[in-house]
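Observations on chain architecture
The primary structure of each chain is shown beneath.
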Amino acid sequence: MKRYVLIIVVVVIGVAFMGYMLGSIGTKKDEKALLNTAPVIKEKGIEARSDVWGESYPNQYDTWKMTSQSAKIEDMLEKYPQLVILWAGYGFSKDYNSPRGHAFALQSNRNTLRTGGPTGADNGPMPMACWACKSSDVPRLMAKEGKNEFFTGKWARAGSEIVNPIGCADCHNTQTSQLEISRPYLTRALEASGVELDKITYQEMRSLACAQCHVEYYFRPTPYSNQDGESKTAAVVTLPWAKGLTAEAMEEYYDEYGFSDWTHSLSDTPLLKAQHPGYEMFVTGIHYKRGLSCADCHLPYTQKGSIKFSTHHIQSPLDDIANSCLTCHRQSEEEFRNIVKEKLKRKDQLHVIAMNSLATAHLNAKKAWEIGATEEEMEPVLQMIRSGQWLWDFSIASHGSFFHAPEETLRLLAVANEKAQQANLMLTGVLAAHDVLNYQVPDFSTKEKAQALAGVDLPMLIEEKLEFKNGLMKLWLEEAVREERLTNKFLDTLPDNASYPQ
Ligand code: HEC
Ligand code: HEC
Ligand code: HEC
Ligand code: HEC
């Protein structure tokens, strides 16, 4: 008798457990099915306001808002003053911070000294393209204005239109809620690199949603005729993928096209600035090769009551190791944190060595020009600096590469350093040929010293920025609220952080 009771108890527990498991798979499916039987957020067009989406999808919206927890600014120029020398003559030598949560994308873009202090729609240093990866209003405005028209004119032209930070409409279709590529430049790049668009799998979409922004790109001057038949030139965001996704393939692409982002103000080198080739670096790593996508670690499934959904709190996976890593791996959280930390340390060591070598090369080259080096003497040197700096920047600019693709990151840093050292060796020769021996480059060990060498007038830039923030920027946001493009009260609660005192 007792045996039967025991068996019945075991069976009941077993059935209950299976029921629970099936139920939880069921709810996971249900929630995923939301994408299929989705509420229509808007009958036509693109709904850029994530707060409106939030009424239908509260779990995704509430976790999306949590990206505001990553609010801290880390001034990278303070941390690595070498960067100021490497980017002399270019916006990044003015202001460059580590990334924050998606909720801050627009604030960071308006606050950075790189976007300057425009006083009207037609001035300021930056083009429209600078909004491209910051806001769900970008696909909305692109649909309204046209693809070339959107990329025409100055950044300040659309200040009152681009007001919602990265949100639902960046990754989801407004009518079907399905994951969708909202940026035509990614679609074009995939085609250029030979991908058949109708063969893209769902798992790939869970990475391509991110590859809309976490990629390398440049602003390609593109002539076109507008509606009135006037000739215009757009600066269109373009991904240099036609020859492949590696740093070397893109370097060849840029060299062939004869492209440079700017000419260095100290060494006169025509240089490339890597943006954030996160996707391209990721695909060289083991997790991609084992079939993972960005969403597996950065939007892992999470549980709230009986509901399973993808957390939209995109952040460092180290802040949620249990859901991000331990779904596949079996070690302790502590061990994982240490593994990642060690990878970061290895990268940082080579990173600093490469930056010092490159910065020294720029300053040596400046000296060489000053003492009368010829174009002929300098040409091979500048070519070497250009290549070395590109490989260095490509390896680290996406921030996570030390983990996503450790081998590729360290390989690129080693080659970058080798090229910088070769440039320095050649420069020692050039200087000696002009009777300069044992030249010591000036001290660039603090942000202040480095910015003085690079000719950055920080107080002037800050003053200009604060005038903009108290003037034109306020008008932009007032207009957007009036015209109901900006309805999200949550955005008013974000702390207003910048690298400078305000
Ligand atoms: C940066 C891209 C991105 C943004 C921004 C984004 N999502 Fe998602 N969303 C994803 C990805 C990736 C998935 C995972 C799809 C899967 O695994 O089935 C997803 C899944 C979903 C799902 C399916 C159910 C689930 O949780 O897996 C819903 C519903 C959803 N998102 C709603 C939203 C809403 C609402 C917003 C805005 C508040 C939003 N998303 C913003 C990328 C994004
Ligand atoms: C529309 C452009 C865009 C898309 C799409 C996008 N990102 Fe981002 N991402 C950004 C920008 C811009 C920042 C930096 C924001 C800042 O510093 O203000 C950022 C920051 C981040 C950060 C740093 C967050 C932190 O707290 O430090 C992570 C991680 C990240 N993104 C991952 C992803 C993943 C994963 C996806 C795809 C699911 C994705 N992003 C899709 C533009 C985008
Ligand atoms: C196997 C898990 C995993 C996958 C898959 C993954 N990441 Fe990451 N990602 C990480 C880890 C771990 C870090 C390092 C976090 C840290 O240093 O705090 C990171 C860092 C980042 C950062 C830098 C965050 C910062 O604040 O510095 C970005 C941006 C990012 N990942 C985007 C992506 C994108 C885009 C993809 C897909 C192309 C992707 N990740 C795929 C685990 C992953
Ligand atoms: C969906 C499953 C999955 C998730 C989630 C996942 N991994 Fe992995 N990880 C793998 C696989 C598969 C490999 C390759 C193992 C092999 O082939 O030997 C791997 C390899 C690794 C390795 C060894 C390779 C290397 O680059 O050093 C480390 C370290 C690692 N993962 C850390 C992490 C961390 C940290 C996270 C969370 C941020 C994470 N993984 C999330 C599946 C996963």
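Residues numbered from 1 in each chain as written. Chains lettered and ligands numbered in written order. Predicted model: local features only at pLDDT ≥ 70, side-chain atom pairs only at ≥ 80, totals over all residues. Heavy atoms only, no water.

Taken together, 22 residues sit near ligand 2, with His102, Ser108, Cys210, Cys213 and His214 positioned nearest. One of the side-chain N or O atoms of Ser70 is found 2.7 Å from an oxygen atom in ligand 2. At 2.7 Å, a backbone N or O of Arg100 approaches an oxygen atom of ligand 2. Among the secondary structure elements, those contributing two or more residues to the shell around ligand 2 are helix H6 (105–111), helix H11 (202–211) and helix H15 (294–298). Of the residues assigned to the shell around ligand 2, the class counts are 11 nonpolar, seven polar and four charged. (Near = heavy atom within 4 Å. Polar contact = N/O pair within 3.5 Å; in protein donor to acceptor, adjacent residues only side chain to side chain. Helix = DSSP H or I, 4+ residues; strand = E, 2+ residues; numbered from the N terminus. Nonpolar A, V, L, I, M, F, W, Y, C, P; charged D, E, K, R; others polar.)

Turning to the environment of Phe444, a few remarks are in order. Within the secondary structure, Phe444 sits in the loop between helix H20 (406–433) and helix H21 (447–454). Relative accessible area serves as the criterion here: at 12%, Phe444 is assigned to the buried category. Separated by 140 residues in the primary sequence, Phe444 and Lys304 place their C-alpha atoms 51 Å from one another. When neighbours within four sequence positions are excluded, Phe444 is seen to be in contact with Pro81, Gln82, Ile85, Asn356, Ala359, Thr360, Leu363, Ala450 and Leu453. (Buried < 20%, exposed > 50% of the residue type's maximum accessible area, 1.4 Å probe, protein only. Contact = heavy atoms within 4.5 Å.)

To continue, consider helix H23 (residues 472–482). Taken together, the buried positions of H23 are occupied by Leu472, Met473, Trp476 and Ala480. All buried residues of H23 lie within an arc of 105° about the axis, which places them on one face of the element. Exposed residues pointing more than 90 degrees away from the buried face of H23 are listed as Leu475 and Arg482. Of the surrounding secondary structure, the elements contacted by the buried residues of H23 are H6 and helix H22 (458–470). (Arc of directions from axis to C-beta.)

Okay, the domain arrangement of the protein chain next. Examined at the domain level, the protein chain breaks down into domain 1 (35–69 + 101–245 + 458–487) and domain 2 (73–90 + 261–273 + 316–456). Measuring from the centre of the C-alpha atoms in domain 1 to the corresponding centre in domain 2 gives 29 Å. On the domain 2 side, the residues contacting the four residues of domain 1 number six residues. Of the roughly 400 Å² buried between domain 1 and domain 2 on both sides combined, carbon and sulfur atoms contribute 55%. On the domain 1 side of the interface with domain 2, the three residues burying the most area are Glu216, Leu245 and Leu458, jointly 79% of the side's total. At the boundary of domain 1 with domain 2, the tally comes to zero salt bridges. At the junction of domain 1 with domain 2, the criterion picks out one residue pair in polar contact (both at pLDDT 80 or more). In the side of domain 1 that touches domain 2, the residues fall into three nonpolar, no polar and one charged. (Domains from an automatic or database assignment. Buried area = accessible area lost by both parts, 1.4 Å probe. Salt bridge = Lys/Arg side-chain N within 4 Å of Asp/Glu carboxyl O.)

Moving on, we come to the packing of H22 against H23. H23 packs onto H22 with a crossing angle of 30° between their chain directions and a minimal axis gap of 3 Å. Viewed along their axes, H22 and H23 adopt a mutual orientation that is roughly parallel. Contacts between H22 and H23 involve Phe468, Lys469 and Asn470 from the former and Leu472, Met473, Lys474 and Trp476 from the latter. Residues belonging to the contact of H22 with H23 are distributed by class as follows: four nonpolar, one polar and two charged. (Axes fitted to C-alpha atoms, helices over the stretch in contact; angles between N-to-C directions. Parallel < 35°, antiparallel > 145°, perpendicular 65-115°, else oblique.)

Below, the discussion takes up the site of ligand 3. Around ligand 3 lies a shell of 19 residues, among which Cys294, Cys297, His298, Ser316 and His404 are the nearest. Between ligand 3 and His298, the relevant distance is 2.8 Å, taken from a nitrogen atom to a side-chain nitrogen or oxygen of the residue. In this structure, His404 approaches ligand 3 through a side-chain N or O atom, which is 2.7 Å from a nitrogen atom. Listing elements by their share of the shell around ligand 3, those giving two or more residues are helix H13 (278–282), H15 and helix H19 (401–404).

With that out of the way, let us pick up the pattern of salt bridges. Summed over the entire model, instances satisfying the criterion amount to 25 salt bridges. In this structure, Arg411 engages Glu408 in a salt bridge whose closest nitrogen and oxygen atoms are separated by 3.0 Å. One end of the pair, Arg411, and the other, Glu408, are both in helix H20, three residues apart, so they sit about a helical turn from each other. For Arg411, a relative accessible area of 34% gives the class partly exposed. On the accessibility criterion, Glu408 (14% relative accessible area) is buried.

Along the chain, Asp51 turns up in helix H2 (residues 50–54). Buried charge without a salt bridge: Asp51, with Arg49 as the nearest opposite-charge side chain at an N-O distance of 5.5 Å. One polar contact links the side chain of Asp51 to the main-chain amide nitrogen of Asn488, over a distance of 3.4 Å. Not counting residues within four places of it along the chain, the set of residues in contact with Asp51 comprises Tyr61, Thr487 and Asn488. (Lys, Arg positive; Asp, Glu negative; His and termini not counted.)

So, about the coordination of the iron atom of ligand 3. Note on the iron atom of ligand 3: its protein donors are His298 (NE2) and His404 (NE2). The metal-donor distances range over 2.0 Å. Residue His298 is classed as partly exposed on the basis of its relative accessible area, which comes to 24%. (Donors = N, O, S within 2.8 Å, 3.2 Å for Na, K, Ca; no water.)

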